[in-house]
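Topology and contacts: notes
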Amino acid sequence: MGCLSAMALLMGGVPSSAVGARAAGGAASSCGGGWVWPLGRPQVAAAYDPPDKPWLAGHRGVDLKAAEGDVIRAPSDGVVRFSGSVGGKAVVSIDHGGLVSSFEPARTDLAVGEHVRRGESFARIEGTSDHCDGACLHWGVKRGGAATGADSPRASYLDPQSRIGGHRMGLKPVLE
């Protein structure tokens, strides 16, 4: 039984047969859990190091040790937002509804607009990166996306590692 089914039972409801079903790509569906690493349990080659001011230089993501051809998994449910070249580097972005993950160097066979599920393989490491001599995957997370507009002034970068892992969730009684 999935955690949503358990919550439905606790609240006196009947769990849906779809709740707790396996997601596409073999990843179990989850409720409220944190994001997953895009490369299993990788070694961090370079940590997030934001600039003091948005226009200054900084490292707006994490570099994860990897090799050409390694499979990249979706850290959370989302929609492929971009797949192509940026500054001569292969980039794939996923819109998670308010947050956008970007991966470089990465290529996908999925079309822009296709949905991906947390833990589902969606791309592979392919091409070069100026982050760590081609031996890593650069993963960035930016607040924005379809919900707020990735190019809006409110868009800002976040530490991808802060999204990893479970978050404790509890039910509170309804006061009448």
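Treat the numbers as computed from the prediction; the structure is a model and nothing was measured. (Residues numbered from 1 in each chain as written. Predicted model: local features only at pLDDT ≥ 70, side-chain atom pairs only at ≥ 80, totals over all residues. Heavy atoms only, no water.)

Things to note about the environment of leucine 99
Note that leucine 99 resides in strand E6 (residues 99–104). With 58 residues separating them in the primary sequence, leucine 99 and tyrosine 157 have C-alpha atoms 9.2 Å apart. Once you skip the residues sitting within four places of it in the chain, leucine 99 turns out to touch Trp35, Ile94, Val141, Lys142, Arg143, Gly144, Leu158 and Arg163. (Helix = DSSP H or I, 4+ residues; strand = E, 2+ residues; numbered from the N terminus. Contact = heavy atoms within 4.5 Å.)

What to know about the pattern of salt bridges
In a structure, side chains of opposite charge can pair up when their charged atoms sit close to one another. In the structure shown here, the tally under the stated rule is six salt bridges. Note that aspartate 77 and arginine 117 form a salt bridge whose closest N and O atoms lie 3.5 Å from each other. Remark: arginine 117 occurs in the loop between strand E8 (115–116) and strand E9 (121–125) and aspartate 77 occurs in the loop between strand E3 (71–73) and strand E4 (78–86); sequence separation between them is 40 residues. When the shortest N-O distance is used, the salt bridge between arginine 124 and aspartate 109 registers 4.0 Å. Placement of the pair is arginine 124 in strand E9 and aspartate 109 in the loop between strand E7 (106–107) and E8, with a sequence separation of 15 residues. Taking the relative accessible area as the measure of exposure, aspartate 109 reaches 73% and is therefore exposed. (Salt bridge = Lys/Arg side-chain N within 4 Å of Asp/Glu carboxyl O. Buried < 20%, exposed > 50% of the residue type's maximum accessible area, 1.4 Å probe, protein only.)

Quick word on the nonpolar core
Among the nonpolar cores identified, the biggest contains 22 residues, and Leu39, Ile72, Phe103, Phe122 and Trp139 are the most heavily contacted of them. For this core, the elements supplying multiple residues, two or more each, are strand E2 (62–65), strand E5 (89–95), E6, E9 and strand E10 (136–143). In contact with isoleucine 72, not counting residues within four places along its chain, are Pro38, Leu39, Phe103, Ala106, Glu120, Ser121, Phe122, Ala123, Arg124, Ile125 and Leu137. (Core = buried A, V, L, I, M, F, W, Y, C linked by side-chain atoms within 4.5 Å.)

Focus: the environment of glycine 98
With respect to the helices and strands, the residue glycine 98 is situated in the loop between E5 and E6. When the C-alpha positions of glycine 98 and arginine 143 are compared, they lie 6.0 Å apart, and in sequence the two are 45 residues distant.

A short note on the confidence of the model for the protein chain
Looking at the protein chain, pLDDT values average 77 and 70% of them are 70 or higher. Taking the mean pLDDT of every element in the protein chain, the minimum, 40, falls on helix H1 (residues 3–10) and the maximum, 98, on E8. Within the model, the stretch residues 1–30 combines pLDDT values under 50 with 31 contacts to residues more than four positions away or in other chains. (pLDDT = per-residue confidence, 0-100.)

Brief notes about the sheet that holds E7
Spatial ordering of the open sheet is given by E3-E9-E7, a layout of three strands whose pairing is antiparallel. A strand with exactly one partner marks an edge of an open sheet, and here the two such strands are E3 and E7. One ladder, built from three bridges, connects E3 with E9; its direction is antiparallel. Along E9, the bridge assignment pairs arginine 73 with serine 121. (Pairing = 2+ DSSP bridges.)

Quick look at the packing of aromatic side chains
Summed over the entire model, instances satisfying the criterion amount to four aromatic pairs. Seen in terms of ring centroids, tryptophan 37 and tryptophan 139 are 6.2 Å apart; in terms of plane orientation they differ by 65°. Their pairing is edge-to-face. In this pair, tryptophan 37 is assigned in the loop between H1 and strand E1 (44–46) and tryptophan 139 in strand E10, connecting sequence segments 102 residues apart. On the basis of relative accessibility, which here comes to 13%, the residue tryptophan 37 falls in the buried class. Look at tryptophan 139 and you get buried, because its relative accessible area is 0%. Among the aromatic residues, ring-to-ring pairing joins Trp35, Trp37, Phe103, Phe122 and Trp139 into one connected group. (Phe/Tyr/Trp six-rings, centres within 6.5 Å; stacked < 30°, edge-to-face > 60°.)

Here we look at the pairing of E10
Counted residue by residue, E10 has six buried out of eight residues, so it is predominantly covered. Sheet topology note: the E6/E10 ladder contains six bridges and is antiparallel. What sits directly across from serine 101, in E10, is valine 141. Direction of pairing for E10 relative to strand E11 (residues 156–158): antiparallel, over a ladder of three bridges. Along E11, the bridge assignment pairs lysine 142 with tyrosine 157.

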